[in-house]
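Each chain, written out:
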Amino acid sequence: TKRHHAKSLKADGNDDIRWYFVQNYAITVKPANIANVRPMVEWEPMKALVLQWPSGYLGNQSASKTMLDIAKNASEVANVIIVTDPGGTSKTKNALLGNGVSQNTINNKFFFQETVLDSIWFIDSGPLPIVDKQKNTFAFADFRYYHERPYDDGVPTILGRNLGDLGFSGPTATYRMPVNTEGGTFQG
């Protein structure tokens, strides 16, 4: 059973969320073979595109149309993982159907991860895929995200832990470090 801590109205409410769900925010030990690890770059072949899509955005026609079009077109060349809020999967599937995505495509190309969210900005809070050059495997690097968006900050670890449940080859290691970023474009 998933437990969700309601946001507090006091100043340290965001810290409370991190304290109740420490498994999503704890700093981890870096990869043992860190010298053989590199960040994955945006033009490399990918198995999936990840979108963070709170179902509340489905009411905004402009934002919804853009996200539906991205998801629909991406599903023609890759799997699509949609991170949505609890109960958002069925709403999102209905919106995809309404945008011309077939039920067969939804069943075979779309994967849904439900969790509490703060915003739509996955590019900012999402994990940085890293590749082990010797083993040709990947993991996630997870940087600290905005203090006032604790739920978004936990998404990379939740996603890495649940990749196997989503139909991929299994969970992936997520390395969380004490480095704050606001995400977006990563340039190495």
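Note: the structure precedes this text.
Residues numbered from 1 in each chain as written. Predicted model: local features only at pLDDT ≥ 70, side-chain atom pairs only at ≥ 80, totals over all residues. Heavy atoms only, no water.

**Observations concerning the overall build of the protein**
- Each helix and strand in the protein was counted, giving 6 helices and 7 strands.
- Starting at the N terminus and walking to the C terminus, you meet the elements of the protein as α-β-β-α-β-α-α-β-α-β-β-α-β.
- Whereas a compact globule of 188 residues would reach a radius of gyration of roughly 16 Å, the protein reaches 17 Å, a difference of no more than 12%.
- When its C-alpha atoms are laid out on the principal axes, the protein stretches across 45 × 45 × 30 Å.
- Each of the 188 residues in the protein was classed as buried or not, and the buried ones make up 43%.
- The contacts of the protein with a sequence gap of at least 6 include a subset with a gap of at least 24, amounting to 73%.
- Across the protein, the centroid of the 19 positively charged side chains sits 5 Å from that of the 18 negatively charged ones. (Helix = DSSP H or I, 4+ residues; strand = E, 2+ residues; numbered from the N terminus. Rg over C-alpha atoms; globule rule 2.2 N^0.38 Å. Buried < 20%, exposed > 50% of the residue type's maximum accessible area, 1.4 Å probe, protein only. Contact = heavy atoms within 4.5 Å. Lys, Arg positive; Asp, Glu negative; His and termini not counted. Charge placed at Lys NZ, Arg CZ, Asp CG, Glu CD.)

**Topic: the sheet that holds strand β3 (residues 79-84)**
- Strand order in the open sheet formed by 3 strands is β2-β3-β4, with parallel pairing between adjacent strands. The outermost strands of the open sheet, each flanked by one partner alone, are β2 (48-52) and β4 (110-114). Neighbouring strand axes in the sheet, compared pairwise and without regard to direction, differ in orientation by 20° on average.
- Alignment of β2 against β3, held across 5 bridges, turns out to be parallel. Within β3, the position partnered with L51 by the bridge is I82.
- Strands in contact with helix α3 (residues 88-98) are β3 and β4; relative to β4, the strand with the most contacts, it is inclined by about 150°. (Pairing = 2+ DSSP bridges. Axes fitted to C-alpha atoms, helices over the stretch in contact; angles between N-to-C directions.)

**Re the pairing of strand β7 (residues 174-180)**
- Relative to β7, strand β6 (residues 137-144) runs parallel, the two sharing 4 bridges. From the neighbouring strand, D142 faces β7, where its bridge partner is R176.
- In the classification by handedness, the crossover that spans β6, the intervening helix α6 (residues 150-162) and the parallel β7 is right-handed. (Right-handed = clockwise from strand over helix to strand, strands pointing away.)

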